[in-house]
Amino acid sequence: MAAPEAADPLLMLGVGLIEKDTNGEVLWVWCYPSTTATLRNLLLRKCCLTEENKLLHPFVFGQYRRTWFYITTVEVPDSSVLKKVTHFSIVLTAKDFNPEKYAAFTRILCRMYLKHGSPVKMMESYIAVLTKGVCQSEENGSFLSKDFDARKAYLAGSIKDIVSQFGMETVILHTALMLKKRIVVYHPKIEAVQEFTRTLPALVWHRQDWTILHSYVHLDADELESLQMCPGYVAGFVDLEVSNRSDLYDVFVNLADSEITIAPLAKEAMTMGKLHKEIGQLIVQSAEDPEKSDSQVIQDISLKTKEIFTNLAPFSEVSDDGEKRVLNYEALKQRRFPPATENFLYHLAAAEQMLKI
């Protein structure tokens, strides 16, 4: 039997432990190898232990300045060796998006900490996964890094659920993603926000880019500043106050009320026409087909997307420096597409950096 492949050692960045003691104090107790004060404060904010009388969120994940964080939180049973601790969170930071992988690994680390009450065993397992891609333990479960393919993580959400909630309006989300616009999603429950936001990048499968996903953002100055540095994004919030922050979005999704709103400044680029109706009908038809899986629906949307790029190809030419293809706007205008289609193709070229500067 071949030896297990080592996990990419560059993917995992660190592991940390946050505890809530019997006095109700929440403390950052331990981490390996080390972390910055900014990231530590962010992770304390993200773990649900610092919120008063709030529900326990067993698992949350998100991204901050290209670092992914994954946090599993558990209540300490009376039988545990941890006598002065009521709850704790295990935090993993990594360079890759893979919630299922890190949820599985943090659960094992939680079981170890409940049993031994010391971070030493956790550190040993962390190093084993870092170097060998595997940690094996009879009583706490085994973990094999290569069981968790990145593509599986990309396909874990349900496009069909999104379409069943928003129907033809799903095309607004598709258009916004195609044009690399800023999408803000609100729901009071973090689990709903994360499930919905993680699925959206699959609508533009040809890019396979989950770096646009910020599934758990607080209205904190530092977080918002790092978010606004991104040209386009999908950002999730649990604070309804975000609906008043029109500087943060081009499209606002109120998931709780099933409402999608296009911000006034984005309306011109997001004008809908015959092409969008076609795309919308294709998305709905595909998603409503009981025979089709979510990945088949994604494939159908992806084929339609390729068709749109094929439509754009005749109006592009090699740039003067020969580096890339750029849009010949005059050629596009001469084709006399309906205004909304021409407008969309122009903004798509802009999103793909195909405009002459």
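For the structure, see preceding data.
All of these numbers come straight from a predicted model, not from anything done at the bench. (Residues numbered from 1 in each chain as written. Predicted model: local features only at pLDDT ≥ 70, side-chain atom pairs only at ≥ 80, totals over all residues. Heavy atoms only, no water.)

Engineer: Any chance you could explain the overall build of the chain here in plain terms?
Structural biologist: The helix and strand tally for the chain stands at twelve helices and 14 strands. Over its C-alpha trace the chain gives a radius of gyration of 23 Å, about what one expects of a compact globule, namely 21 Å for 357 residues. C-alpha extents for the chain along the principal axes are approximately 75 × 50 × 45 Å. For the chain, long-range pairs separated by at least 24 residues make up 65% of all intrachain contacts whose partners lie at least 6 apart in sequence. Both charge centroids of the chain, one from 39 positive and one from 46 negative side chains, sit 3 Å from each other. (Helix = DSSP H or I, 4+ residues; strand = E, 2+ residues; numbered from the N terminus. Rg over C-alpha atoms; globule rule 2.2 N^0.38 Å. Contact = heavy atoms within 4.5 Å. Lys, Arg positive; Asp, Glu negative; His and termini not counted. Charge placed at Lys NZ, Arg CZ, Asp CG, Glu CD.)

Engineer: Can you walk me through the environment of Asp300 in this structure?
Structural biologist: Here Asp300 shows up in helix H10 (residues 294-312). Separated by 18 residues in the primary sequence, Asp300 and Leu282 place their C-alpha atoms 8.0 Å from one another. The residues touching Asp300, leaving out its near neighbours within four places in the chain, are Leu282, Ser286 and Lys292.

Engineer: Help me understand the packing of aromatic side chains in this model?
Structural biologist: For any pair of aromatic rings, the description rests on two quantities: the centre-to-centre distance and the angle between the ring planes. Per the counting criterion, the structure on display carries 19 aromatic pairs. Aromatic ring contacts, followed pair by pair, group Phe59, Phe61, Trp68, Tyr70, Phe97, Tyr102, Tyr154, Trp205 and Trp210 into a single cluster. The side chain of Lys46 reaches across the aromatic face of Tyr216, ending 4.7 Å from its centre. Above the ring of Phe337, the side-chain terminus of Arg335 is found at 4.5 Å from the ring centroid. (Phe/Tyr/Trp six-rings, centres within 6.5 Å; stacked < 30°, edge-to-face > 60°. Lys NZ or Arg CZ within 6 Å of the ring centre and 35° of its normal.)

Engineer: Got a minute to help me understand the sheet that holds strand S3 (residues 59-64) in this structure?
Structural biologist: Hydrogen bonds between backbone groups are what pair the strands of a sheet, and the pairing can be parallel or antiparallel. Pairing within the open sheet is antiparallel, and its five strands lie in the order S2-S1-S5-S4-S3. Here the strands that pair on one side only, and so sit at the sheet edges, are strand S2 (26-32) and S3. Averaged over all pairs of adjacent strands, the angle between their axes in this sheet comes to 20°, without regard to strand direction. As defined by bridge partners, S3 adjoins strand S4 (residues 67-75) across six bridges and the pair is classed as antiparallel. Looking across to S4, one finds that Phe59 is bridged to Thr72. (Pairing = 2+ DSSP bridges. Axes fitted to C-alpha atoms, helices over the stretch in contact; angles between N-to-C directions.)

Engineer: What is the right way to read unusual backbone geometry from this model?
Structural biologist: Residues apart from glycine generally show negative phi values, whereas peptide bonds are mostly found in trans. Residue Pro33 follows Tyr32 across a cis peptide bond; omega there is -5°. Examined against the element boundaries, Pro33 turns out to sit in the loop between S2 and helix H1 (37-46). Positive phi is not limited to glycine here, since Arg336 has a value of about 50°. Residue position: Arg336 is located in the loop between helix H11 (329-334) and helix H12 (339-351). On the basis of relative accessible area, Arg336 is assigned to the exposed category, the value being 72%. At Gln353, a position not held by glycine, the phi torsion is positive, near 55°. With respect to the secondary-structure elements, Gln353 resides in the segment after H12. (Buried < 20%, exposed > 50% of the residue type's maximum accessible area, 1.4 Å probe, protein only.)

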